[in-house]
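Observations on the model geometry
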Amino acid sequence: MTFVAMIFLLVPLAVVVLFSFHATDSLSLPFEGFSLRWYEVILTDPQFRGAILYTLRVAGTAVLIVVPIGTLAAYSLTLLRKRSANVVRLLIFLPFVFPLLFIGLSMRTVYVYLGIPLQFGTIVVGHCIFVLPYFVLIVSQALSRLDPNVLEAARTLGASPVRVFSKVVLPQVLPVIIVAAVLCVALSIDEFAITYWVAGPDQTVPMFLFGLIRRVVSPSINAASTALMVLSLIMFAGCAVALRRTLRPARAAAPSVNEKEWT
Amino acid sequence: MPTSSVTEVAVAEDPATATGPPPLSAGIRGLASRASSYLLAAPATLGMIVLLVIPLLVFFFYSFLTPQPYSVSLPLTFQSFTQAASSPIVYKLALTSIRTGAMAAALTVAIALPVTYWLRYQAGPRMRSVVLFTIAASLFVSYLVRLYAWLTLLGSQGVVNSGLVGVGIIDEPIGALLFSSTPVAIAAVHISIPFAVIALYAAMRPLDESYLESAHDLGANSWQRWRRVILPLLAAPMATTFFFVFLLTSADWVMPVFLGGRDGQMLGQRIYDQFLTIGNYPGGAALALMMLVVYGVIFALLQLLLRVSKVRNVRWGT
C-alpha cells in the first residue's frame, strides 16, 4: 500500500521533470530524446526572471515581518493565562479554518472599498497572514519543550523578563525559529490562492505559472515547474538538516513530546 | 503544556522569598507581567483583527447589501441568498463540490491510514525515515506544479493516453480522463496525502506498540485490533483530516478550472465569476457565507458522530 501510495505521489512529479527535458514540444509518449532547450526558453524569459525576483522579495519581506511578531506571540502563549492564550491562539490560527479563497476575496473587497491599490504591500500582508499560523505553531511547540525549571531558576536568580527571554529562551529556540522561517519562505513562494486576489500588476512565480498553464501546455512550463521544485527541495533540505541538528539533543533530554491540540 | 503555569508559580512564590510578604505589590507585579504578556501578543492579534477578521466580516456583510455592477449599495436585503438558494445552477455546483470534496477526503484518509500504520509499526527504521522524508519533501511541491502534472498526465494527448495507445491497449485516446470531478478529486488527494500522513502519524505516535501486543495476547485478531484499539483512538484525528481535506477541496476554484471542465464545475468558480466576471459582489459573498454555514454544520455533525460513537473522549494512556 505504501509502495502504491509513493508511486501515486511521485510518478506525476517525475513525469513533469522528465518532459522538461523533452527534445520536441509535445507532452505525450513516446519520449523523443533529451534537450535543455526548454530551460533556455524559460530562464531567458524576462517575465519569468522578474517573477522570481518579485516572489523572493515578497517572501523575504513577509518573513522579516512574521519572525519577530510570531516569536513574541508564541512566547506570550506560554506566559498568558489559559483563557487569554486560547483567544490569542484562536485569532492566530484563524487562517487554518477559512478556505483561502474567502480570505483572499475578503482582503480584496476591503482594499477595493477603501481605494487601496493592489500592490506589493497587499501581497505581503496576505502572505504574512497566511504564514503566521504555521510559524507560531512550530515555534510554540519548541517553546513548550523548554524545561520550566531552567526558566524558573533564571527568574529566581533575579533575571528580568526581558533577560530571561533573550538569554535563556531565545538561544534555545533560535534554530527552530530559523527552520520555521525557511518553511515560511517556502510557503510564501508557493502561495497562490490568496495572492491571486490581492496582487497588483506584478506577477509572482505561481501567478506566472497560472497564466502560462491557462494559455498553453508546453515543456517550458515543465521546465519552470522543475525549477520551482528544485527550489522547494533545496529549502526542504535546509529545514531537514537544521531540524536534525537541533532536535537530537532536545529529544534526548525530553523523551515525551507534548502533542499540541490546536485544532 | 508544562510551561503555561510557569508565571503563576513564579508570582506565587515571589512574596515568600521577599523579606516581608506584601500581597499588594505581588498583585501589581502579577498584573504588570500579565500586561507585558498581552503586549507581546499584541502585534500578532491586532494584525489578525485588523487585516483578517475585519475584512472577513466586511466580506460577509456584503452579502446583505444590494448588488450594483462591480459595487454595492445600501438597502439591506436577503435577495442574494434567496437568489442563490433558488438557482438550479448553484444547486448543481453545490452537489459537485460536495461530491468532489467527499471523494477526495475519503480517498485521502483511506490511503493515508494504512501508509501511516505501516510507517508506525511495520517499517524498519531506515525505510521509515526514507518514506517520511520523501512525503515531507513532497509537501513542499507547489500546488500549481501538482495541478499541472495531472493536467499533462490525463489530457487527451497526455502521458496516460499516449502511453496506452503506444502500448496498444487502446486505439483512440480516452477523452473522459479529464474534465469531470474525478480528476479534480485525484489531484486533491495527491495534494492532501502528505498532510494527512503527517497528521495521522503524529496522532499514532503515542499509541504504543504494547497496546497492540496486549490486544494480541488477549486473543484479538487483526480485525479486532483495528476495530477495538486503533480506530477508536484515531477516530478524532481521522475526522479532522477528513474535514480539512473536504473543506480545502470543495472550496477550491483553480483545480476545477483546469481539470474539471464543464461537468466538474464547483462553487468556487461561481464565486470567482460573481466577483470578477459578473461583478455581483453580494451574490459571491452570499454564496461564500452559505458555504461557511454548511462547513460549520458538517463539522458539528462529525463531532456529534464522534460523541455518539463514544470515541471522542478516548485519552492516550501514556
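Residues numbered from 1 in each chain as written. Chains lettered and ligands numbered in written order. Predicted model: local features only at pLDDT ≥ 70, side-chain atom pairs only at ≥ 80, totals over all residues. Heavy atoms only, no water.

Turning our attention to the overall build of chain A. Helices and strands together make up the secondary structure of chain A, namely twelve helices and zero strands. Start at the N end of chain A and walk to the C end: the helices and strands fall as α-α-α-α-α-α-α-α-α-α-α-α. For chain A, the spread of C-alpha atoms along the principal axes amounts to about 70 × 50 × 35 Å. Among the 263 residues that make up chain A, the fraction classed as buried is 52%. Looking at chain A alone, contacts between residues at least 24 apart form 71% of all its contacts between residues at least 6 apart. Entry remark: accessible area of chain A is about 12000 Å², with carbon and sulfur atoms responsible for 68%. Of note, chain A has its 19 positive side-chain charges centred 12 Å away from the centre of its 11 negative side-chain charges. (Helix = DSSP H or I, 4+ residues; strand = E, 2+ residues; numbered from the N terminus. Buried < 20%, exposed > 50% of the residue type's maximum accessible area, 1.4 Å probe, protein only. Contact = heavy atoms within 4.5 Å. Areas by Shrake-Rupley, 256 points an atom, 1.4 Å probe, with all protein chains shown as cover. Lys, Arg positive; Asp, Glu negative; His and termini not counted. Charge placed at Lys NZ, Arg CZ, Asp CG, Glu CD.)

What follows covers the overall build of chain B. The helix and strand inventory of chain B stands at 13 helices and two strands. Across the 318 residues that make up chain B, the buried fraction comes to 47%. Considering only contacts within chain B whose residues lie at least 6 apart along the sequence, 68% involve residues at least 24 apart. Surface accessibility of chain B: about 15500 Å² in total, with carbon and sulfur atoms responsible for 68%.

A word on the interface of chain B and chain A. Across the contact, 82 residues belong to chain B and 83 residues belong to chain A. Summed over both partners, the interface of chain B with chain A buries about 7700 Å², with 80% contributed by carbon and sulfur atoms. The interface formed by chain B and chain A includes seven residue pairs in polar contact (both at pLDDT 80 or more). Per-element accounting of the side of chain B that touches chain A gives the leading share, 19 residues, to helix α2 (residues 23-61) of chain B. Broken down by class, the residue content of the side of chain B that touches chain A amounts to 60 nonpolar, 17 polar and five charged. (Buried area = accessible area lost by both parts, 1.4 Å probe. Polar contact = N/O pair within 3.5 Å; in protein donor to acceptor, adjacent residues only side chain to side chain. Nonpolar A, V, L, I, M, F, W, Y, C, P; charged D, E, K, R; others polar.)

Here the structure, examined in full by the defined rule, presents 36 aromatic pairs over all chains. Centre to centre, the rings of Phe130(A) and Tyr134(A) are 5.8 Å apart; their planes meet at 65°, and the pair counts as edge-to-face. Of the two residues, Phe130(A) and Tyr134(A) both sit in helix α7 (residues 120-144), four residues apart, roughly one turn of that helix. A relative accessible area of 21% means that Tyr134(A) is categorised as partly exposed. Aromatic rings pair up to connect Phe102(A), Phe59(B), Phe60(B), Tyr62(B), Tyr70(B), Phe275(B) and Tyr281(B) into one cluster. Positioned above the aromatic ring of Phe120(A) is the side chain of Arg57(A), whose terminal nitrogen or guanidinium carbon lies 4.5 Å from the ring centre. (Phe/Tyr/Trp six-rings, centres within 6.5 Å; stacked < 30°, edge-to-face > 60°. Lys NZ or Arg CZ within 6 Å of the ring centre and 35° of its normal.)

Our next topic: unusual backbone geometry. All names here are of chain B. Positive phi, normally seen in glycine, also occurs at Tyr70, with a value near 50°. Here Tyr70 shows up in the loop between β1 (66-68) and β2 (71-73). What makes Tyr70 partly exposed here is its relative accessible area of 41%.

Take the confidence of the model for chain B next. All names here are of chain B. Looking at chain B as a whole, the pLDDT averages 81, with 86% of positions reaching at least 70. Predicted confidence for residues 1-22 stays below pLDDT 50, and this span has 24 contacts to residues more than four positions away or in other chains. Both scores are given for the predicted complex: the pTM is 0.84, the ipTM 0.84. (pLDDT = per-residue confidence, 0-100.)

What follows is about the nonpolar core. Membership of the largest hydrophobic core comes to 182 residues, with the highest contact counts inside it found for Val169(A), Trp253(B) and Ile271(B). Sort the elements by how many residues they give to this core and helix α9 (residues 161-190) of chain A lands first, with 16 residues. If we skip the residues at most four places from it in the chain, Trp253(B) touches Leu101(A), Phe192(A), Tyr196(A), Trp197(A), Phe210(A), Gly268(B), Gln269(B) and Tyr272(B). (Core = buried A, V, L, I, M, F, W, Y, C linked by side-chain atoms within 4.5 Å.)

Attention shifts here to the confidence of the model for chain A. The share of residues in chain A with pLDDT of 70 or more is 92%, and the mean pLDDT across the chain is 85. Put simply, helix α12 (residues 219-253) of chain A is where chain A has its lowest mean pLDDT, 77, and helix α10 (residues 195-198) of chain A is where it has its highest, 94.

What follows concerns a nonpolar patch on the surface. Taken together, the side chains of Leu46(B), Ile49(B), Val50(B), Leu51(B) and Ile54(B) make up a nonpolar region of the molecular surface, amounting to roughly 400 Å² of accessible area. Mapped onto the secondary structure, Ile49(B) falls in helix α2. (Patch = residues over 30% accessible without salt bridge, like charges linked within 9 Å, V, L, I, M, F, W, Y side chains within 5 Å. Salt bridge = Lys/Arg side-chain N within 4 Å of Asp/Glu carboxyl O.)

On the surface, Asp208(B), Glu209(B), Glu213(B) and Asp217(B) cluster together to form a negatively charged patch. Judged by relative accessible area, Glu213(B) falls into the partly exposed class, the value being 46%.

Residues and elements named next belong to chain A. When the terminal C-alpha atoms of helix α6 (residues 100-114) are compared, their 21 Å separation across 15 residues agrees well with the 21 Å that a helix rising 1.5 Å per residue should span. Regarding α6, the residues found buried are Leu101, Phe102, Ile103, Gly104, Leu105, Ser106, Met107, Thr109, Val110 and Tyr111. Among the residues trailing α6, Gly115 stands out with phi positive, at a value near 75°. (Expected span 1.5 Å × (residues − 1).)

What follows is about the environment of Ala41(B). Along the chain, the position of Ala41(B) falls in helix α2. For the pair Ala41(B) and Thr249(B), spaced 208 residues apart in sequence, the C-alpha to C-alpha distance is 32 Å. Among all residues touching Ala41(B), those that are not within four sequence positions of it are Ala73(A), Ser76(A), Leu80(A) and Val88(A).

Attention now moves to α9(A). Taking 1.5 Å as the rise per residue, α9(A) with 30 residues should run 44 Å; its terminal C-alpha atoms sit only 38 Å apart, a clear shortfall. Maximal helix bending in α9(A) amounts to about 60°, located at Leu170(A); proline Pro171(A) follows within four positions. (Bend = angle between axes of the 7 residues up to and from the residue.)

Following both chains from N to C, one finds helix α11 (residues 205-215) of chain A and helix α6 (residues 143-154) of chain B inclined at 20°, their axes separated by 10 Å at the closest point. It follows that α11(A) is roughly parallel to α6(B) by the angle criterion. The interaxial crossing formed by α11(A) with α6(B) has left-handed handedness. From α11(A), Pro206(A), Leu209(A), Phe210(A) and Ile213(A) reach across to α6(B), where they touch Leu144(B), Val145(B), Tyr148(B) and Leu151(B). Across the contact of α11(A) with α6(B), the residue classes break down as eight nonpolar, no polar and no charged. (Axes fitted to C-alpha atoms, helices over the stretch in contact; angles between N-to-C directions. Parallel < 35°, antiparallel > 145°, perpendicular 65-115°, else oblique. Left-handed = near helix turned anticlockwise from the far one by under 90°.)

In this section: the side chain of Ser37(B). With respect to the helices and strands, Ser37(B) occurs in helix α2. A residue is classified by how much of its surface remains accessible, and Ser37(B), at 2% relative accessible area, is buried. Leave out the neighbours within four places in its chain, and Ser37(B) touches Ser76(A), Leu79(A) and Leu80(A).

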